[in-house]
Amino acid sequence: MTKIAARDVAPNRRRGGDLRTLLSPATAGTTSGFMGVLTLEPGEVVTEHYHPYSEEFLYLVRGEITARIDGEPVPLVAGEALHLQINVRHRLENHGPEPAFLVFQLGPLAPRPELGHVDTEPLPDQESV
């Protein structure tokens with residue numbers, strides 16, 4: 001059993017937002033996938049990318065976002081979930097007035113971590129985040 005608090009995990013802001021991978025091979029020895037949380041402040045985005053090996057499950061706990069799935073807008077409000085199939089391009093945008101808080105899970109794992117995400121647009125300027 002592994003118990004991890006989000007506050008104890010450093011945020012990853014590489015693609016935008018405050019993403020914290022909580023349970024993963026590195027943190028909990030998982031073998032089938034990983035899960036975490038994402039906070040998007042108003043105006044923040046997670047840049048477009050896709051997962052060539054994993055499907056992704058998103059659950060919006062608080063706020064509202066627009067998920068752009070292969071470029072098409074899909075609005076989500078708190079209490080809604082979204083399933084993203086393998087190789088589906090997606091981008092998350094918070095155009096609402098409040099922070100959005102999401103839980104995500106991906107699986108199965110890519111053969112190597114660096115193969116898990118393919119970026120399809122430039123990443124945010126890391127000096128300004």
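Computed from a predicted structure; not experimentally measured.

Asker: Would you explain the nonpolar core in this entry?
Answerer: Within the largest apolar cluster, 18 residues are counted, with the highest numbers of intra-cluster contacts made by Leu40, Leu58, Ile65, Leu82, Leu92 and Leu102. When residues of this core are traced back to their parent elements, those giving at least two are strand 2 (34-40), strand 4 (55-62), strand 5 (64-69), strand 7 (81-84) and strand 9 (100-107). Among the elements that line this core, the one with the most residues is strand 9, at four residues. Those residues in contact with Leu92 that sit more than four places away from it in its chain are Leu38, Leu40, Glu44, Val45, Val46, Leu58, Ile65, Thr66 and Ala67.

Asker: Honestly, the sheet that holds strand 4 in this entry has me stumped. Any pointers?
Answerer: In a beta sheet, neighbouring strands are held together by backbone hydrogen bonds and run either parallel or antiparallel to one another. Taken together, the five strands give an open sheet; going across it, the order is 1-2-9-4-7, and neighbouring strands pair in antiparallel fashion. The sheet is open, and its two edges are formed by strand 1 (18-23) and strand 7, each paired on a single side. The mean angle between the axes of side-by-side strands here comes to 20 degrees, regardless of whether they run parallel or antiparallel. Of the strand pairs in this sheet, strand 2 and strand 9 are connected by seven bridges, and their pairing is antiparallel.

Rules and cut-offs
Residues numbered from 1 in each chain as written. Predicted model: local features only at pLDDT ≥ 70, side-chain atom pairs only at ≥ 80, totals over all residues. Heavy atoms only, no water. Core = buried A, V, L, I, M, F, W, Y, C linked by side-chain atoms within 4.5 Å. Buried < 20%, exposed > 50% of the residue type's maximum accessible area, 1.4 Å probe, protein only. Helix = DSSP H or I, 4+ residues; strand = E, 2+ residues; numbered from the N terminus. Contact = heavy atoms within 4.5 Å. Pairing = 2+ DSSP bridges. Axes fitted to C-alpha atoms, helices over the stretch in contact; angles between N-to-C directions.

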